[in-house]
Amino acid sequence: MVADMCRAASKVHPAQSLKLLVPHCCNAINHLTVNEEVLSEEELDKELLWNLQLLSEVTRVDGDKILPYSTQLVQILQLTLHLKCKQGYTLACNLLHHILRSTALIYPTEYCSVPGSFQQPTQDYLPIKDWGRPGDLWNLHIQWHVPSVEETRFVFYVLDLILQPELLRLQRYAQGERDMTRDDVLQSLSIVQHCLLGAGSLFPPLRGEPIPELVTSMVNLGETNLFTGVSYDVSRENYRDAICRVMRQLLHHILEHSEDDTKSLFSIIKIISDLLHFKGSQKHEFDSRWKSFNLVKKSMENRLHGRKQHIRALLIDRVMLQHELRKLTVEGCEYRSIHQELMRDLLRLSTSTYSQVRSRAQSVLFTALGTYNFCCRDVIPRVLEFLEPDRSDVTQQQFKGALYCLLGNHSGVCLANLHDWDCITLTWPAIVRSGLSSAMSLEKPSIVRLFDDLADKIHRQYETIGIDFAIPSECRAVAVQLQTSGVPLPPEPVPSDQEEAEGLRRQEEKNLDSEQKYDKLVGELLDRLNDRNMPWKFEHIAIGFMSLLLRDDHPLPSPAVLFFVKSLNHDSLLVRKVAISAVAGIMKQLKRPHRKVPVSSNTLCGMKELAGLIAGDRPDNQWLQYNSSSLPRTQQDWEGCTFVEKTHWGYYSWPQKLMMYAPSEEQPKQGLTREEMTEREQIIYDHFSDPGFINQLIEFLSLEDRKGKDKFSPRRFCLFKGLFRNFNDAFLPLLKPHMERLVADTHESKQRCVAEITSGLIRGSKHWSYGKVESLWELLCPLIRTALNNITVETYADWGTCIATACESRDPRKLHWLFEMLMESPVNGEGGSFVDACRLYVLQGGLAQQEWRVPELLHRLLQYLEPKLTQVYKNVRERIGSVLTYIFMIDVNLPYTQPTASPRIKEFTERILLRLKPLTEGDEEIQNHVVEENDVGEQDERTQAIKLLKTVLKWLMASAGRSFSTAVPEQLQLLPLLFKIAPVENDDSYDELKRDAKTCLSLMSQGLLYTEQIPLVLLALQEIAGSSSWHARYTVLTYLQIMVFYNLFTFMSDQGAVNDVRALVIRLLEDEQLEVREMAATTLSGFLQCNFLSIEGPMQSHFEALCKTRLPKKRKRELGSVVDTIPSGDLVRRHAGVLGLSACILSSPYDVPSWMPQLLMNLSVHLNDTQPIEMSVKKTLSNFRRTHHDNWQEHKQQFTDDQLLVLTDLLVSPCYYA
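Residues numbered from 1 in each chain as written. Predicted model: local features only at pLDDT ≥ 70, side-chain atom pairs only at ≥ 80, totals over all residues. Heavy atoms only, no water.

The helix and strand tally for the chain stands at 52 helices and four strands. In summary, the chain has a C-alpha radius of gyration of 44 Å against a globular reference of 33 Å for 1218 residues, an excess of more than 25%. Taking the principal axes of the C-alpha coordinates as reference, the chain spans close to 115 × 110 × 65 Å. The proportion of buried residues among the 1218 residues of the chain is 49%. (Helix = DSSP H or I, 4+ residues; strand = E, 2+ residues; numbered from the N terminus. Rg over C-alpha atoms; globule rule 2.2 N^0.38 Å. Buried < 20%, exposed > 50% of the residue type's maximum accessible area, 1.4 Å probe, protein only.)

Have a look at this one:
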């Protein structure tokens, strides 16, 4: 700490501080080292260490201030650098580092808040006036330290005197001409390292010849050098080259004779890293400073001054960081022979015996791989040599090291996943081949984890590599135009026609070479997979690599298609899953494109498109909708019908260019014979035409994978969809018996399998002829009926997904067989309530995909369901409620939207209200019906209405979260009934009817309201507020709170609505029921707190007038009466006034407005009133004390002394012993 303080002093006043401290420290050190025995002591005197540390810190000043003491400092370095004590020579190395760094680096010399100096007379300049002033970004006037000729000469003098002998010692040791202990080697390496770190910015980069033939290009790929302010003196010796040469010799010597000298290896690795990358700044130091800079900037910025208005010291620090960033920019450097030699040494260290050595060397290697252009192409073959199964001399440590080199770190280069065909054609087969290496052992968890991480990283980071790379002629023309414009002036001349032709020729060769490498890679992976000796893990890795090679612009080679098709029946579940996805992708590759032709929407609808944007059902889109009278039921109708698969087309508008499928005679031929198929198609056809293959495939697909967690598989669906799309109904005769067998089996996995086949079959039949589609539905309709009859808790979700997937993006007229079959009495009671609910769920899945295009089916379904709304069973009621949501989904009230042709909520609500009359007319409490059997006989109208209401509540709850808009006018008609039923308390013991009613009110109150709907809602609430049921009046207030807060800004834009809300709350504040009055006070307080209502004079006067309502004195009451005879009206009005004042006080929980002290005084008068007034006052005062306690010293300033005295008496409890 003292050394740091001295360093700070020397930083501020370097000349004076150095004059006092440097001679003192140097004399002390000289005196303490007079005896030569000190040099060989392992424990040095504390005073010597103290002076060394102090000297190393105070010399961290500008270089020109150090030069006067250069002779003394060099003498101290010569005395102390070879101390035997490690702590001593470490401090001496720090001194060496700081001296060299101060004289060799470029850095700002001052960070004052203003340019110039503060050292001026105070009568002329007061520094405090510039406190916090932002610096002028364009006129910072930074004073830089740039190494002078004298400083540079001094640096090289020190290096010649200290570094040169150390390099000579290490070189002689590496050549076997001199013996050195490990400590001596480590000491010399430490001196070399600190010399490199101190003066590295003056050393030119490593020299060497460029490595040829790594990549061929007609473009100059040389590196771009950034000028960092240093001009290298080539006449002097390049110590970077000298250090590199000696370090390589020393490294080879240590690896051959003393590989366990890990400390020296650590030091050599660090020196190699600095040789490659160090130009005066280190990455970890820069990152630390950058983070610190951002924290300081964040804490000191003043946004009121605008952007970049920071103090000058911060701006200078940012400039210095930018300078260091330029020195750290090393990406794109040219790969030379010296780099090649160093990276081979790093690779050797990365595969050495000791794990820590490997780890540190790999970290440096990964940084170097991201630095030098195309060096990965040179390194990869050498890494893969360790994975070759033919080599028996590879140890497990080398094997693991090579795997780590391929894996890379989290932010660096991954050699196994480079975006280059030349690289992955080497690495991927080598990774798979390594499974046969003698060094590979699956019994070692570390090796197994390495392979898992490697495969996982490749799968996560792999990006498809291009094969056919071409530049359009338009782009080339623009490039030529840009180059010939002269702005900016291009560094290279415009390519001639011959050069352009040569470039195109090379690109075509490159594309052909890429295609050949792709095929070669697939072939090599297949060869490895056919090797019987390959361990199972590497078989899985190879299959994963194969799956990554599927692409949409180049077909997979036939042998790979054969392999994946065969793998569908592999014994391993993992392989089968990959094969299913792969074969689905192959089907996509083999898909024959269908021709489309432009069509006019006016021609299709027979009329001109309406002007302007009008959404919804219009005359020009009616032909798209499902109409049972004009369904395509014959071959002629089918071919004459124009099918539009996209559900969104036509609802808002038609596409600018409407493309429809051409007639069938212009489409690719369907039902090809085997001879007409391609080789890849023949492979698939042969296997799926084999009954044995199909039997085994279905057997595997109908197995259970994870008990209770299996779901409908989109991958399997895509597989079957592709099969039936590409091969028509060729495989249907073989699959039919299996589908019939599976659908009759109630087991979960069997039902899921047939559901996946069914959905794929329906979607795959998109382009089938009418005859084949009709035959298909003759098969599927009985199957689906059987499936729905056999449906279980485990399978209903799968069948719902099946039908929804089958109907997605499909014209409903194509699927009329399915919809008509599903509409056949879904709620018929056969199979119980669960089956009825499941049939509705499956039907809902299909209709929901069609949205606005099936109004006729929605009308028919609603007509069918209305008599069945009085269902007894809860699960059926819930499902009917969900189905009703989708029936009315398209009935939206939005701008520029036509009224829908689908069912409308308004008409449905009117019919429902007629059936609910027995509940709305009387005041009798509505209880849950007890009879739970449908066949008990005819029940009375009231019981039927209660059951109907339960279903309606389920509908309202389901639609709250799914509907596009809120049907406010219709819901308002149901509000009185819901308020009548909903309980006040939150109690789970209430029956289903009351819980649902409360939930409905909560959801409805959160709905979005338009401005024109607010008066309607408030009118309805005012009517309900006059109800005889206090529960209803209480619930009005809770509903009002949520409704206002969810639509706050809409309400506040309408002053009339605000006045109506105020009047309603104040009206209920005078309610005869105590609970209603208290809730009204809570509601009023909330509205005041959020500034929805304001505390105005008339409101306060009204509350104060109510508070003054006179109550008869106790002596005037009947003395013999048991109950209080105070007139209820007077007590209610007085209590309402007190509650109003309390609401005003509690609306400001954390401050004391000017009106609050007087209100508190007015309220205190009623502390001794009769109940419930007394309790209300006490509760208000208690809450006031709790919320204002933390800042009471500030809040009490708003009160007068008399008010404080009264308030203290009220708030402080009297002492028991007073």
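Continuing now.
On to the pattern of salt bridges, then. Scanning all chains against the criterion turns up 54 salt bridges. Here the salt bridges do not stand alone but share partners, grouping Arg377, Asp420, Asp422, Asp513 and Lys517 into one network. (Salt bridge = Lys/Arg side-chain N within 4 Å of Asp/Glu carboxyl O.)

With that out of the way, let us pick up the environment of isoleucine 684. In this fold, isoleucine 684 is placed in helix H26 (residues 679-688). In sequence terms isoleucine 684 and phenylalanine 564 are 120 residues apart; their C-alpha atoms lie 9.8 Å from each other. Those residues within four positions of isoleucine 684 in sequence are excluded, and the remaining contacts are Val561, Val565, Ile586, Met587, Leu590, Leu723, Phe727 and Phe731. (Contact = heavy atoms within 4.5 Å.)

This next bit is on the packing of aromatic side chains. Remark: the centre distance and the inter-plane angle together describe each pair of aromatic rings, the angle taken between the planes. One pass over the full model with this rule turns up 34 aromatic pairs. For the pair tryptophan 623 and tryptophan 654, a centre-to-centre distance of 5.9 Å together with 10° between the ring planes defines the contact as stacked. Taken together, the residues tryptophan 623 in the loop between helix H24 (601-605) and helix H25 (635-640) and tryptophan 654 in the loop between H25 and strand E4 (659-661) connect sequence positions 31 residues apart. Using a relative accessible area of 21% as the deciding quantity, one classes tryptophan 623 as partly exposed. Seen from their ring centres, tyrosine 626 and phenylalanine 819 are 6.3 Å apart, and the 85° between their planes marks the pair as edge-to-face. Placement of tyrosine 626 in the loop between H24 and H25 and of phenylalanine 819 in helix H33 (residues 816-822) is noted, with a sequence separation of 193 residues between them. A residue is classified by how much of its surface remains accessible, and tyrosine 626, at 3% relative accessible area, is buried. (Phe/Tyr/Trp six-rings, centres within 6.5 Å; stacked < 30°, edge-to-face > 60°.)

Moving on: the packing of helix H37 (residues 905-915) against helix H40 (residues 968-981). The contact between H37 and H40 brings their axes to 9 Å, and the two run at 15°. In terms of their interaxial angle, H37 and H40 are classed as roughly parallel. For the pair H37 and H40, the crossing hand works out as left-handed. Contact residues: Ile905, Lys906, Thr909 and Leu913 in H37; Glu970, Gln973 and Leu974 in H40. (Axes fitted to C-alpha atoms, helices over the stretch in contact; angles between N-to-C directions. Parallel < 35°, antiparallel > 145°, perpendicular 65-115°, else oblique. Left-handed = near helix turned anticlockwise from the far one by under 90°.)

This next bit is on the layout of surface pockets. Volume-wise, the second largest pocket comes out at about 1400 Å³. Residue lining of the second largest pocket: 41 residues in total, with Lys11, Arg60, Tyr107, Pro108 and Tyr111 positioned closest to the centre. For the lining of the second largest pocket, the residue count by class is 15 nonpolar, 14 polar and 12 charged. (1 Å grid on protein atoms, 1.4 Å probe; cavity = no way out; pocket = protein on both sides within 12 Å on 5 of 7 lines; lining within 4 Å. Points joined across faces, edges and corners; volume = space filled by probe spheres on them. Nonpolar A, V, L, I, M, F, W, Y, C, P; charged D, E, K, R; others polar.)

Once that is clear, we can look at a negative patch on the surface. Together, Glu36, Glu37, Glu41, Asp45 and Glu47 make up a region of like negative charge exposed at the surface. With respect to the helices and strands, the residue glutamate 41 is situated in the loop between helix H2 (14-32) and helix H3 (46-58). Under the relative-accessibility criterion, glutamate 41 is labelled partly exposed at 33%. (Patch = residues over 30% accessible without salt bridge, like charges linked within 9 Å, V, L, I, M, F, W, Y side chains within 5 Å. Areas by Shrake-Rupley, 256 points an atom, 1.4 Å probe, with all protein chains shown as cover. Lys, Arg positive; Asp, Glu negative; His and termini not counted. Charge placed at Lys NZ, Arg CZ, Asp CG, Glu CD.)

Glancing now at the environment of valine 215. One can find valine 215 in the loop between helix H8 (182-199) and helix H9 (239-257). Distance from valine 215 to phenylalanine 374, taken between C-alpha atoms, is 7.5 Å for residues 159 residues apart in sequence. Beyond its immediate stretch of four places on either side in the chain, valine 215 contacts Leu221 and Phe374.

Glancing now at the packing of helix H15 (residues 375-384) against helix H17 (residues 421-433). At their nearest, the axes of H15 and H17 sit 10 Å apart, and the two run at 15° to each other. In this view, H15 runs roughly parallel relative to H17, as classed from their interaxial angle. Considering only the axes of H15 and H17, their crossing is left-handed. In this structure, H15 uses Arg377, Ile380, Pro381 and Leu384 to contact H17, whose residues at the interface are Asp422, Cys423, Leu426, Thr427 and Ala430.

Here we come to unusual backbone geometry. Across the junction of glutamine 1171 and proline 1172, the peptide omega takes the value 10°, indicating a cis bond. You can see proline 1172 is positioned in the loop between helix H49 (1156-1164) and helix H50 (1173-1188). One non-glycine residue, glutamate 851, adopts positive backbone phi at about 55°. Within the secondary structure, glutamate 851 is located in the loop between helix H34 (833-850) and helix H35 (855-865).

The residue arginine 169 is located in helix H7 (residues 149-174) in this model. Residue classification places arginine 169 among the buried residues on the basis of a relative accessible area of 15%. Of the polar contacts made by the side chain of arginine 169, one reaches the side chain of histidine 82; its length is 3.3 Å. Within the structure, arginine 169 has its side chain in polar contact with the side chain of glutamate 166 (distance 3.1 Å). With near-sequence residues (within four places) excluded, arginine 169 lies in contact with His82, Arg178, Met180, Asp184 and Ser188. (Polar contact = N/O pair within 3.5 Å; in protein donor to acceptor, adjacent residues only side chain to side chain.)

Attention shifts here to the side chain of lysine 400. Note on placement: lysine 400 falls in helix H16 (residues 396-407). Despite its burial, lysine 400 pairs with no opposite charge, the nearest such side chain being aspartate 453 at 11 Å. When neighbours within four sequence positions are excluded, lysine 400 is seen to be in contact with Ser446, Ile447 and Leu450.

This paragraph deals with the confidence of the model for the chain. Per-residue confidence for the chain averages 86 on the pLDDT scale, and 95% of its residues sit at or above 70. When mean pLDDT is taken per element in the chain, helix H22 (residues 558-567) scores highest with 95 and helix H52 (residues 1201-1211) scores lowest with 76. Below pLDDT 50 for its whole length, residues 930-938 participates in 12 contacts with residues either more than four positions away or in separate chains. This stretch, residues 1214-1218, has a pLDDT under 50; its non-local contacts, to residues over four places away or in other chains, come to zero contacts. (pLDDT = per-residue confidence, 0-100.)

What follows covers a positive patch on the surface. Together, Lys588, Lys591, Lys596 and Lys646 line one region of the surface with positive charge. With respect to the element layout, lysine 596 can be found in strand E3 (residues 596-598).

Among the surface-exposed residues, Val215, Met218, Val219, Leu221 and Phe374 lie close enough to one another that they form a single nonpolar patch of about 400 Å² accessible area. In this structure, methionine 218 sits in the loop between H8 and H9.

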